[in-house]
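Residues per chain, in single letters:
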Amino acid sequence: MYDVEIMQTAVEALKLSKHTPDIIIAVNNSSKEITLPEGHILYEDYVNDSSDENPPIEFEPYVYDEVVRLQTSGTTGTPKGVPLNNINEVLSAYGIIMHLFLNTKDITMNATPWFHRGGLHSTGPTATLYAGASLVISRTFNPKSCLENVEKYGVTLLTGVPSVLTLLANRQEKHPQKISSLRGILAMGSPLEKEACIRFQKVLTPNIFNGYGTTETVWNTILRPCDLPEMAGSAGCSCIEDEVRVVNIYDDRKASPDDTVPKDSNTEGEIIIKCPTKSTYCYVNNEKATEEKFADGWMYTGDVGTWDEQQYITIAGRKDDMIISKGKNIYPARIEEVLNRHPKVCECIVTGVPDSTRGESVAAYVIPEDDSLTVAELIDHCAKSPDISKYQVPRYYRFVTELPQTATGKKQHFIIKKQAKEDFENGLLLRK
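Residues numbered from 1 in each chain as written. Predicted model: local features only at pLDDT ≥ 70, side-chain atom pairs only at ≥ 80, totals over all residues. Heavy atoms only, no water.

Topic: helix α11 (residues 375–383)
- Listed in full, the buried residues belonging to α11 are V375, L378, I379 and C382. Buried residues in α11, looked at end-on, bunch into an arc of 100°, giving them a common side.
- As for α11, its buried residues are in contact with α10 (332–340), β20 (345–355), β21 (359–368), β22 (396–399) and β23 (430–431). (Buried < 20%, exposed > 50% of the residue type's maximum accessible area, 1.4 Å probe, protein only. Helix = DSSP H or I, 4+ residues; strand = E, 2+ residues; numbered from the N terminus. Arc of directions from axis to C-beta. Contact = heavy atoms within 4.5 Å.)

Quick notes on the sheet that holds β23
- Ordered in space as β20-β21-β22-β23, the four strands form an open sheet in which the pairing is mixed. The sheet is open, and its two edges are formed by β20 and β23, each paired on a single side.
- Here β21 runs beside β22; their pairing, made up of four bridges, is parallel. Residue pairing across strands places Y365 opposite R398, the latter belonging to β22.
- Across the sheet, α11 touches β20, β21, β22 and β23, and the angle it forms with β22 is around 130°.
- In this fold helix α12 (residues 413–425) packs onto β20, β21 and β22, with an angle of close to 60° to the strand it touches most, β20. (Pairing = 2+ DSSP bridges. Axes fitted to C-alpha atoms, helices over the stretch in contact; angles between N-to-C directions.)

A word on the packing of helix α6 (residues 143–153) against helix α7 (residues 162–174)
- Contact geometry for α6 and α7: axes closest at 9 Å, N-to-C directions at 75°. Taken together, α6 and α7 sit at an angle that is classed as roughly perpendicular. Mapping the contact onto sequence places P143, K144, C146 and L147 in α6 and L167, L168, R171 and Q172 in α7.
- Class assignment for the residues of the contact of α6 with α7 results in five nonpolar, one polar and two charged. (Parallel < 35°, antiparallel > 145°, perpendicular 65-115°, else oblique. Nonpolar A, V, L, I, M, F, W, Y, C, P; charged D, E, K, R; others polar.)

So, the nonpolar core
- In terms of nonpolar packing, the biggest core is built from 28 residues, with L158 and L168 touching the most fellow members.
- At the level of elements, α6, α7, β9 (184–188) and α8 (194–203) are the ones that each hand at least two residues to this core.
- Here this core gets four residues from one element, more than from any other, and that element is α7.
- If near-sequence neighbours (up to four positions away) are discounted, L168 is found in contact with F141, P143, C146, L147, L158 and L204.
- Judged by nonpolar contacts, the second largest core, of 19 residues, contains I335, L378, I379 and V393. (Core = buried A, V, L, I, M, F, W, Y, C linked by side-chain atoms within 4.5 Å.)

Thoughts on the layout of surface pockets
- By volume, the second largest pocket is sized at about 540 Å³.
- If you trace the second largest pocket, you find 18 residues lining it, with T112, P113, S138, R139 and T140 closest to the centre.
- Counting only elements with at least two residues in the lining of the second largest pocket, the list comes to β6 (107–110) and α6.
- For the lining of the second largest pocket, a count of residues per class yields nine nonpolar, six polar and three charged. (1 Å grid on protein atoms, 1.4 Å probe; cavity = no way out; pocket = protein on both sides within 12 Å on 5 of 7 lines; lining within 4 Å. Points joined across faces, edges and corners; volume = space filled by probe spheres on them.)

Shown next as structure tokens:
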């Protein structure tokens, strides 16, 4: 089943698929007349002679039946199929309901796609409808219509990635809507930086939540309104039903769950998650990836971070995105946060480029907020920051108008790394 707006994409996907469906249904939400490919049928024609009654169930539903299959977001390459069973979905809903105090009076809206775990659960349909609450469905995201819907329907809980919340704050500052019904906003998908958090609290709602998790495991750490803005930049601490640790990283093996790094907010390690109620701990038809990611009831996320004595986790980046310069491990997230604090920077991605003496050098792709921005200003800004060392300051820069992201707003560092190598070879990067 596909939307006619993406008919050509669906046709190409079917050509690539090893499986040919018996029935291919096109949903036409527009008033335009269309010509369907051979063998395809319109939805209204497919259901035209069908009964309005629910079909008989010819099996006994079971708590461990697979009911949802999602694809990972593809931040590091080809997406993987994630199977979720009945009890995973129920207990994931309970977790969201508990953390957001979701109740039957709530009206929710999720400003992210519904084809990922956060979209389905974090003020999406699963938890909202399970709690008996209502939700507003938007076909596409637009900051103007989103805020208008908040006012029109009295939306109480809203979810979006930080870049989406920035667009909402921009719109609200210039064209205020009556959004006092909002009792909370959940940010997810990427770290919530402190200055952005303070702005969202001032412009949108004082009650900001920030969740960290994966497609495989939903939320696993959370920042609550009482944690913010002081703990902004961190990913929070474990959700009530989960366990999250930071363990040592080895080239040839996984660290055991007890092989943790010191809780000193400085020593970096891999973030691992234990949440048997919310994950099947496997991928569909992919034993190699399953073995790489899961072991002994834990998921090895591939995310690198630190933790403190209160077990608040701070994400440094992904192992796959690590830059090695003069033998030092550099993770992009921390440098990106510093660059984003510059008032003339809208957004950025940091990656590595080949360097004959260092191994790799740091390169930054920047979307300017102000066209007067210069490389010299960025270098000076980074050099004065107490949050990164001298060796972490980018040596190469390129100003761009867009950055590669997944549909859920996550940066695709593997794409920019490939582009940076080509840009470096072609002399397109500005040097420090």
